[in-house]
Amino acid sequence: MVTRIAVIPGDGIGVEVTREAVRVLEAAAEVYGLALEMTHFDWGAEKYLREGVALPEGAVAMLQQNYDAILAGAFGDPRIPDHRHAREILLGLRVQLDLFMNLRPVKLLDERLTPLKGRTPEDIDFVIVRENTEGAYVDIGGVLRKGTPEEVAIQEEIATRRGTERIVVAAFEYARRHGRRRVTLVDKSNVLRYGHGLWQRVFWEVAQRYPEIEATHQYVDAMALLMVQDPASCDVIVTTNMFGDILSDLGAALIGGLGLAPSGNIHPGRISLFEPVHGTAPTLAGKNVANPMGAILTAAMLLDYVGAEEAARAIERAVVAAVRAGEVTRDLGGSLSTEEVGRTLAARVRAHAW
Ligand code: IPM
Ligand code: MN
């Protein structure tokens, strides 16, 4: 069976790291006999500046019809300071493909990578399940009396019962399937009584259906503290769109930085989009210095999603081995280029060298 992948490298370092992710995917496909069909799309800043088009008309239906998964790089460009095209492409695909689950694993690959003293890979291994279609990201609001001293700005955050229930269920299902013991709801229900009150009610209701999994709760501020002080207590975290956004950067810091953090935007059973957590890093773009490991681990998540688990594990093992061997970019204290890391990892996957 052929797996059809739409590749959207995007802007800045997205282009370079995606090239290496594709290189490693090709190596894994060869070794594990996967039929991957990859098609590139040039959606991003250049096209937007040239043609005024961010997400082309009909793109969503075309993706739904022709592809099993999307591998994306990053979107954003200093020439488009309001991030219009990035929002339209990335947030547009998240919402229009209804990718309600943003899965962001926080897994330490080697103890040298964490800034936390004395912590090992056993201590830092959890996942953030971020709600991905609602919350503060719905772009509802307005400005009144703009530019005057009486200016008022309103920015709404929404929570629907349906949207909240499906993400909480997805978190418990994830825990069940992956043998995880605890699901923690993270919110700010002590202040945001209505929206997060709904999260509370839905969470405890759903938790009843999973008696074998421990259900716990933390306020988001306390969670930020816990992630640093006691990361071993974190297992599956389920939270709102914005809190998930913030906590996943903190999570990336625990495992060696944004250059290593993968993510998947998922609608179980449907076409889903995989992208590294990092952005386009304009100051690093075009210099062949960006760390492609986050993008490469993202490609492994994609393989996992399309059922190629063995190939996914091989890529992960190759990354761990490369990190241990010091075959890394400057952000991790090494001296390899983006491309050299990609080539090293492709070679390791081919040779089963880990
Ligand atoms: C992320 C990014 C995006 C988000 C931005 C680029 C809109 O920070 O994927 O975490 O806030 O979701
Ligand atoms: Mn973010």
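Residues numbered from 1 in each chain as written. Chains lettered and ligands numbered in written order. Predicted model: local features only at pLDDT ≥ 70, side-chain atom pairs only at ≥ 80, totals over all residues. Heavy atoms only, no water.

1. Points about the overall build of the protein chain
As a reminder, the rule being used: Numbering of helices and strands runs from the N terminus; a helix is a DSSP stretch of H or I covering at least four residues, while a strand is a stretch of E covering at least two. Throughout, the radius of gyration refers to the C-alpha atoms, and the reference size of a globule is 2.2 Å times the residue count to the power 0.38. Think of it in three bands: residues with accessible area under 20% of the maximum for their type are buried, residues over 50% are exposed, and the middle band is partly exposed, with areas taken using a 1.4 Å probe on protein chains only. In what follows, residue pairs with any heavy atoms lying within 4.5 Å of each other are defined as contacts. Under the convention used here, a 1.4 Å probe and the Shrake-Rupley method define accessible areas, while residue burial counts only the protein chains that appear.
Looking only at helices and strands, the protein chain has 11 helices and 12 strands in total. For 354 residues, the compact-globule estimate of 2.2 N^0.38 gives 20 Å, and the protein chain sits close to it at 20 Å. Buried positions account for 55% of the 354 residues belonging to the protein chain. Intrachain contacts of the protein chain at a sequence separation of at least 6 include 75% that bridge at least 24 residues. Taken as a whole, the protein chain presents about 15,700 Å² of accessible surface, with 51% of it coming from carbon and sulfur.

2. What about helix α10 (residues 309–324)?
For clarity, the threshold we go by: By definition here, a helix of n residues has an expected span of 1.5 Å times n minus one.
The end-to-end C-alpha distance of α10 is 23 Å, a good match for the 22 Å that 16 residues give at a rise of 1.5 Å each. Among all positions of α10, only A311, A312, A314, I315, A318, V319, V320, A321, A322 and V323 are buried. Its buried side turned inward, α10 meets α1 (13–32), α9 (293–305) and α11 (338–351). Just downstream of α10, G326 is the residue with a positive phi angle, here 75 degrees.

3. Here's the deal with the domain arrangement of the protein chain
Quick reminder of the rule: Bear in mind that the domain bounds are from an automatic or database domain assignment. Criterion for a salt bridge: a side-chain nitrogen of Lys or Arg within 4 Å of a carboxyl oxygen of Asp or Glu. We call two N or O atoms a polar contact when they sit within 3.5 Å, provided that within protein one can donate a hydrogen and the other can accept it, with sequence-adjacent residues counted only if both atoms are side-chain atoms. Note on residue classes: Ala, Val, Leu, Ile, Met, Phe, Trp, Tyr, Cys and Pro are nonpolar, Asp, Glu, Lys and Arg are charged, and everything else, Gly too, is polar.
Domain annotation for the protein chain reports domain 1 (1–99 + 267–354) and domain 2 (112–256). Summed over the shared surface of domain 1 and domain 2, the result is one salt bridge. The salt bridge involving D98 is made with R166; its shortest N-O contact spans 2.7 Å. Our count for the contact surface shared by domain 1 and domain 2 stands at three residue pairs in polar contact (both at pLDDT 80 or more). Contributions of two or more residues to the side of domain 1 that touches domain 2 are made by α4 (84–96) and α10. Considering every element that reaches the side of domain 1 that touches domain 2, the biggest residue donor is α4, with three residues. The residue inventory of the side of domain 1 that touches domain 2, partitioned by class, reads six nonpolar, one polar and three charged.

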